[in-house]
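Summary of structural features
Spelled out from the first residue to the last, the chains are:
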Amino acid sequence: MDEKKILIIDDDQHLLLGLTARLKAKGYRVICAADGVSAIAVARKEVPHLVILDLGLPAGGGFCVLERMRDLADLVAIPVIVLSARDPADNEKRALDAGAVAFFQKPPDNHEFLSAIRHALGETVALSTFLKT
Amino acid sequence: MTSEAPRRVDAGQYLPPATPLLSHRDSGLLHESGNTEVSATLRTELLDFDAWSEILTMYGRTLRVAVALTDSQGQVLGKCHNAQPVWRLVRDAARGWSSGCPFCITTCVPCTAVAEALRTGGVVMMRDRAGLAHVTVPLLLGEQRFGAIIAGQVFDRYPEPLSLRRVAKDFGVSAQRLWELAREQRPVSNTILRASGDLLFALGHAFLRQRYGAILEAKLAETNGRFRLLVEGVRDYALFTMDSTGRVTSWNGGAERLLGYVAAEIMGQNFSYIFTRDDIQNRVPEKQLHKALEVGRAEDEGWRVRGNRKQFWANVNITALEDAGLARGFAVIVQDVTEQRKIATVLEEARQERECLQEKLLSHVSHELRTPLTAIYLFTTNLLDGVFGDLTPDQHEHLRFALDNVKQLKSMVSDLLDITRVDTHKLTVEPQHLSLTKLIDDVLSTCLTNATVKNISLRSHVAPGLPFIWADPARVRQILINLIDNGIKFAPASGTVTVQTRTSAEDEGFLCLSVSDTGCGISPENREIIFDRLSQVKSTAEASRSGLGLGLFISKELVSRHGGRIWVESELEHGSTFYFTLPVFSLAKLCAHVFTAPNLEAGCVTLIAVDVAAVEVVVQADILLETRKVLERCIRPGQDVLLPSMSDAEPVETFFIVAGTDAKGFEVIASRIVRELQNFDSASRLKPVISSMTLLVAPGQSGEVQISEVAARVEQLVQAHLLGKENSNG
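Keep in mind the model is a prediction, meaning the values are calculated, not measured.

1. So, the overall build of chain B
The secondary structure content of chain B amounts to 24 helices and 22 strands. Taking all 730 residues of chain B together, 45% fall into the buried category.

Below you can see the structure in the form of structure tokens.
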């Protein structure tokens, strides 16, 4: 089976570096983008299986990227996990309403975060891991 | 003559034909003067001799008598003598007296006639030894005795005061002869005396009245004038009066200035002129008058309109004016407080701005801290988890320490944000139906790493069969983790931290959770302050770098947001136990608006169970979440209740609805659910289908039914349904 492609969109180079290492170690293929505009271009070219998206981005914030992705037929079906330092109280619902499948505040718990990634990629995972209630 | 005994010849007394009665106006003045006692100033003014002299002189000249005015003590205030009584001169010369009755030759001082007249209120007629007569007329108004007028028969040949010697010389006689001459004077008859007394009485009282009236007028005019000046002079307030229908009856200068209508144009108009159009449409003017009539006063702040249609923010005070219990109208004070309001608004805006800024700053700081923290976290965990190969035990241990510190930083950043929320009243909890058993297990596994490092054992004693609670799971987790971490921090190595739950005996309807440690304990004085913000007990501070000291403060805030309380019991060297309470889930409370007496009596309580299955084998949790949303749309808000997940196990594919309706209404809701679920549109291919929809009718007993009984019955039905499903599945 092909390895799954994950696109990380974040303007923090260190985060990209650290998260890429972690995901590569888990056997995923990782591509990165550091701003909103190139993110869409990369996504259209690569068509990843999953997008990990920061909210505070140069050249169009994370919400713009989310909306654009929902407008583009080739990107509409790609699950998006939002990973942001912003307050979930203000942003979690907005992100989920905009079509994200999960919201994580930085820094995320590795275990929960990886479970959510696996779930979003449709890999088997215990239901209870991501059930919040 | 000095040897002669004082003698008085009483010529009789009588009451005058017209006893003066108090008119309304008189009583007003008397009342104003203190009801029973007329003030000394008023007495002096009333009996001002200058005012009286004209009328008294006229009387005296006409009747050829001397007239004197005395006060109520008999002291002479003034005399008009077209003739001087001889006997008075005789006496004065002999004794050197200057006061007393000006006419009487008796030695009574003050004249008893005045006292007598004032006592009886009648006219006193007297004759002296010479047979000369005088009448004394009291001056009365109601109960008030002001003084008297004495008119005396005199030798009329000498209109000017003369010395006795001169008189005698003029007569060409000795003093003895003078006396005899006096005796020869024809005494006036009693009839004449009486007639002159009547005249004097009438005259005196007419003048007294007139004078009284004049003073009253003058006083009223003065008071009115002063009041008018005062009212007119008030510039910063609009003062005006209205009749009972709200028509303006007076309008001061302040009102002209502030409200922009001159008195001439607004007088007689309804005061609603000063209200905004909306207020008039909402009948605010009438409402305010009504309120003022009911409670005596109506105060209001709001927009009012000037004559030039400009609005200002007014403080309006309407007072109902009453006279003898009858509404007479209203007095209104209007003040322009636009400036004050502006200042208050500016201050409030500044406060909000400051709060907003503070929140922004903290959320910005928190955001900025989180980004580098995430990088550190990722690199540390990557190394620890062997992403870049195996580590030596030392490297592993040191990275572990780094990670612990990152986690501590992370929780501090979260605390900082929570504190901002407390300050801006945004710390909210979203309670839900919650089982503690699972949550505590979950929390303990999270805290296990920390505990293991310090070789501390975590224990939990959760009583079986605990009721569900009504709380925010994330917040309960936060409180528990904070308390357990504190316990781990303060317990000595190989100590114990225990979590316990029990029903609360003192707090009915609450569960009590406790976290106890075997640490150093907390001294009594510190027990009071540990829940305060930024409190960190000094002596224990070195036990660990223990964060910002915000944990317990936030826990306290969170517990109180749930309606519970938090406290600590501790003994030094024997550890501490923190207790907090959380509300038990109550079906009765949640469904209170369904379990009403009319609904219960009509049998209108229906429990609907909706079992959902998916097209594919496994029902995914997010599908269930979406199904819940669909069902929420199918019930009538405010009338039906979609119960929270009523089972400990998950995922639960059964939803329960408590509806305030009967079997017929059930059909309606059921068909709506079927329709909505058919239209179910999900990103995934999965689709829920209704495997069964059961009507579990709640007890439709008539008569007195306890709501708690109904709630218990509904809960039984729910559990029975879940159990039945489990069995059929099994």
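2. Side note on the overall build of chain A
What chain A contains, in helices and strands, is 6 helices and 5 strands. In sequence order, chain A lays out its α and β elements as β-α-β-α-β-α-β-α-β-α-α. Expressed as a percentage of its 133 residues, the buried residues of chain A come to 52%. Here the analysis covers contacts within chain A between residues at least 6 apart in sequence; of these, 59% occur between residues at least 24 apart. When the accessible area of chain A is evaluated, it comes to approximately 6000 Å², of which 53% is carbon and sulfur surface.

3. Digging into the interface of chain B and chain A
Across the contact, 24 residues belong to chain B and 23 residues belong to chain A. In terms of surface lost to chain A, no three residues of chain B exceed Arg370(B), Tyr377(B) and Leu378(B), which account for 22% of the buried area on that side. The interface formed by chain B and chain A holds 1 salt bridge in total. A salt bridge links Arg22(A) to Asp385(B), with the shortest nitrogen-to-oxygen separation between them at 2.7 Å. Counting across the chain B and chain A interface gives 9 residue pairs in polar contact (both at pLDDT 80 or more). For the side of chain B that touches chain A, the secondary structure elements donating two or more residues are helix H13 (338-384), helix H14 (393-423) and helix H22 (621-634) of chain B. At 11 residues, the largest contribution of residues to the side of chain B that touches chain A is made by H13(B). In terms of residue class, the side of chain B that touches chain A is made up of 11 nonpolar, 7 polar and 6 charged.

4. Side note on the nonpolar core
Residue and element names in this part refer to chain B. Leu480, Ile484 and Phe580 are the most contacted members of the largest nonpolar core, which has 43 residues in total. If sequence neighbours within four positions are ignored, phenylalanine 580 has contacts with Ile479, Leu480, Leu483, Leu511, Cys512, Leu513, Val559, Arg565 and Ile566. Of all hydrophobic cores here, the second largest spans 29 residues; its members include Leu42, Leu141, Ala151 and Tyr212.

5. Details of the sheet that holds strand E15 (residues 496-503) of chain B
All names here are of chain B. Taken in spatial order, the 5 strands line up as E13-E15-E16-E18-E17 in an open sheet, and their pairing is mixed. A strand with exactly one partner marks an edge of an open sheet, and here the two such strands are strand E13 (457-462) and strand E17 (566-570). On average, each strand axis in the sheet is inclined to that of its neighbour by 15°, with strand direction left out of account. Relative to strand E18 (residues 576-583), E17 runs antiparallel, the two being bridged by 5 bridges. Bridge assignment links serine 570 to a residue of E18, and that residue is serine 576.

6. Some thoughts on the confidence of the model for chain A
Residue and element names in this part refer to chain A. Residues of chain A with pLDDT of at least 70 account for 90%, and the chain-wide mean is 85. Across chain A, element-level confidence peaks in strand E3 (residues 50-53) with a mean pLDDT of 94 and bottoms out in helix H6 (residues 127-130) with 43. Scored below 50 in pLDDT, residues 125-133 shows 14 contacts in the model against residues more than four places distant or in partner chains.

Parameters and conventions
- Residues numbered from 1 in each chain as written.
- Chains lettered and ligands numbered in written order.
- Predicted model: local features only at pLDDT ≥ 70, side-chain atom pairs only at ≥ 80, totals over all residues.
- Heavy atoms only, no water.
- Helix = DSSP H or I, 4+ residues; strand = E, 2+ residues; numbered from the N terminus.
- Buried < 20%, exposed > 50% of the residue type's maximum accessible area, 1.4 Å probe, protein only.
- Contact = heavy atoms within 4.5 Å.
- Areas by Shrake-Rupley, 256 points an atom, 1.4 Å probe, with all protein chains shown as cover.
- Buried area = accessible area lost by both parts, 1.4 Å probe.
- Salt bridge = Lys/Arg side-chain N within 4 Å of Asp/Glu carboxyl O.
- Polar contact = N/O pair within 3.5 Å; in protein donor to acceptor, adjacent residues only side chain to side chain.
- Nonpolar A, V, L, I, M, F, W, Y, C, P; charged D, E, K, R; others polar.
- Core = buried A, V, L, I, M, F, W, Y, C linked by side-chain atoms within 4.5 Å.
- Pairing = 2+ DSSP bridges.
- Axes fitted to C-alpha atoms, helices over the stretch in contact; angles between N-to-C directions.
- pLDDT = per-residue confidence, 0-100.

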